[in-house]
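These are the residues of each chain, in order.
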Amino acid sequence: MKGAVVPGSTIIYTHTDEAPALATYSLLPVVRAYAATAGVEVETRDISLASRILAQFPEHLTESQRVGDTLGELGELTGKPEANIIKLPNISASAPQLRAAIAELQAQGFALPDYPDEPATDQEREVRARYDRVKGSAVTPVLRQGNSDRRAPAAVKHYARTHPHHMGPWSSDSKTNVAHMTADDFRATERSAVVSDAGSLRIELVTDAGTTVLREAVPVLAGAVVDAAVMRVGPLRAFLVEQREQARRAGVLFSVHLKATMMKVSDPIIFGHVIRAFFPDTFARYGAALESAGLNPDDGLGALLAGLDALPDGDAIRASFHDELAAGPALAMVDSDRGITNLHAPSDVIVDASMPAMIRNSGHMWGPDGSEADTLAVIPDSSYAGVYQTVIDDCRAHGAYDPATMGSVPNVGLMAQAAEEYGSHDKTFEIPADGTVRVVDQAGAVVLEQPVARGDIFRMCQAKDIAIRDWVKLAVHRARVSGDPAIFWLDPDRAHDAVLIGKVRQSLAELDTDGLDIDILPPEQATARSLERIRRGENTISVTGNVLRDYLTDLFPIMELGTSAKMLSVVPLIAGGGLFETGAGGSAPKHVQQLLKENYLRWDSLGEFLALAASLEHLAQHTGNARAQVLADTLDRATATVLDRDRSPSRRLGGIDNRGSHFYLALYWAQELAGQTDDPELAAAFADLASTLAEREQVIAEELLAVQGSPVDLGGYYRPDPATCEAVMRPSAAFNEALAALARR
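### Side note on the pattern of salt bridges
Stage number 1. Across all of its chains, the model carries 47 salt bridges by this definition.
Stage number 2. Where Arg144 meets Glu581, a salt bridge forms, and the shortest distance between an N and an O atom there is 2.8 Å. Residue Arg144 is found in the loop between helix H6 (140-143) and strand E4 (148-151), and its partner Glu581 is found in strand E24 (residues 578-581); the two are separated by 437 residues along the sequence.
Stage number 3. Relative accessible area serves as the criterion here: at 12%, Arg144 is assigned to the buried category.
Stage number 4. Of the charged contacts in the structure, one is a salt bridge between Arg469 and Glu510, with a shortest N-O distance of 3.0 Å.

Below you can see the structure in the form of structure tokens.
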């Protein structure tokens, strides 16, 4: 059955990367077939890393190879009230991932230029600039033109309490701790100001040799909060050396936790300094040889070791690295069996995923010997590190949390219009010479300035006034709807937060907050208050900036639900549309590896189910499409049944994988639609499908299981062959025919 298309009833479903992209080949046919019965069109837009790379170089490609700038197109759509976008996780490419994607595309016949590590000509600098546009978190700042509302849906929370995941026990004598700088980091050096008039700001470096413009024009609006901060490299190096020795003295693992994918300029540089500090003798003896060979510690220990074979002293350098590894302290491992350390790649250990996993696992990480051990977690910048120390102290004092009884910490996050640090990529610089960085307005007045030394990392960011006001409004709305207290996590002793507190109080005074429990606390105190309530089974809304939004929407869900992928993530766009995000993609590479090895995809599409229901509900409310609301309501109930009957992907070969979970969602959704009474015509349309899927359940399950166990070749990792992916992800002829029959009605 295909209903007449209802005006405005269009959903954009993004095609991204890795496991989420593979899952789309299986789930999207279900979504399109069901949505069509309500006159809803589901279109796709390819914002994968490969597509974004190709879009940068049309002049290097044949006519048939060229792709449009779909990300830019979606960015424009977010400014329109009809926007309805379901965004799946995408690769936030590190430099090694970007190089690997370029190499794969070149091997597939795309005549892309090489990535210039050290651009020497204007042409190479232009190529590098184009590639850097797709590096790191290039997608979310474009699409997130609204603030974030993330929470655990009732069905997910019920499942977590009735099927609690394992939490490792904590010991009161655990030696796990967080180490951070106490001066000369981004937090300590931060300076903030409020822009009085719309216009632009120039970032310039003033040295004894003259003035160099670092960024000609940063557009700003009246009322925006702008910040300038510096990570001072000398104190950073001293801090890292001390933490290496501290880990050795304490007999704990050494680990570093950064966000090199999102903070794509600053954090890889910091990561490189960690490697230099951990291997001081090697860099003292061989640093010049490594540099001349183009081997950069910012790319990680793995890249350094991989490039040694081409060096005359490669064996000696490799031995030096191994000697310093053996001398300790022991490094935390990403994969003990394969010898992959915490320092192998900047994208391997991402703070918002790695720290909750450590806390969930008794404060332990894996050591080189394959056993668990206490850990010194090094988070150089102090802006948010104290949050994790507060959680560790609480676990050490009171033990692990109980998912069967613990409360929730939903989040309202300030992220609209590239807010705060996550919008700073194009305003972050490694300083080439001693001097002063100045932020100057169009009249030549200095708005902010920072003294800098060679090698320091300067960062400027901003938060727009309209985004801040919308954030406060959304927080008040969530507090009103939920009845839960809300805490703004803002530190009056931090420059940016102090300015933000004034704006928050002004906005709160203009809103109806009668009867609401709203507070403003520094992050460590907000953490302690929330943990106290969690242990009593109570909920507390965290209202945070952009980085803490990212951190907390992994930290608390991983402890509460076992994963952040089960959270509902809604972005009410400021222009009136909706962006619906589908969960975390940190585990996506491992899932692809398993599929390639044994044709088994563990990726859980629960996030997609939740986002689709929210998208359909938003569409119904904004277009008057009553059938879309029926689809949303029945999908919510079907999702609850998937959870209650344990039809999510299992961890091992031979069980239900991603494709099987999609079948069961389709079955339960069809049954809910056939049984509902709000729309008898829709119920009749799904009666046959519900009956067919139920009758053929065993046949379909056997067809899905039959393909497991053998390796598959998708024809590429970053740009796999679409026909092959569809064949792999839709192996059940019976299921495919049932969906086709619905479309023919």
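Still more to cover.
### Some remarks on the sheet that holds strand E18 (residues 446-452)
Stage number 1. Pairing in this open sheet of 4 strands is antiparallel, and the strands run E8-E7-E17-E18 from one edge to the other. One side of each edge strand has no neighbouring strand; the edge strands of this open sheet are strand E8 (210-220) and E18. In this sheet, adjacent strand axes meet at a mean angle of 15° when their direction is disregarded.
Stage number 2. The pairing of strand E7 (residues 199-207) with E8 spans 8 bridges and is classified as antiparallel. Each bridged residue has a counterpart across the sheet, and for Val206 the counterpart in E8 is Thr211.

### Examining helix H7 (residues 154-162)
Stage number 1. When H7 is considered as a whole, its buried residues turn out to be Val156, Lys157, Tyr159 and Ala160. Looking straight down H7, one finds that the buried residues subtend no more than 160° of arc, so they occupy a single side.
Stage number 2. For H7, the secondary structure elements touched by its buried residues are helix H19 (546-561), helix H21 (606-623) and helix H22 (626-644).

Criteria and cut-off values
Residues numbered from 1 in each chain as written. Predicted model: local features only at pLDDT ≥ 70, side-chain atom pairs only at ≥ 80, totals over all residues. Heavy atoms only, no water. Salt bridge = Lys/Arg side-chain N within 4 Å of Asp/Glu carboxyl O. Helix = DSSP H or I, 4+ residues; strand = E, 2+ residues; numbered from the N terminus. Buried < 20%, exposed > 50% of the residue type's maximum accessible area, 1.4 Å probe, protein only. Pairing = 2+ DSSP bridges. Axes fitted to C-alpha atoms, helices over the stretch in contact; angles between N-to-C directions. Arc of directions from axis to C-beta. Contact = heavy atoms within 4.5 Å.

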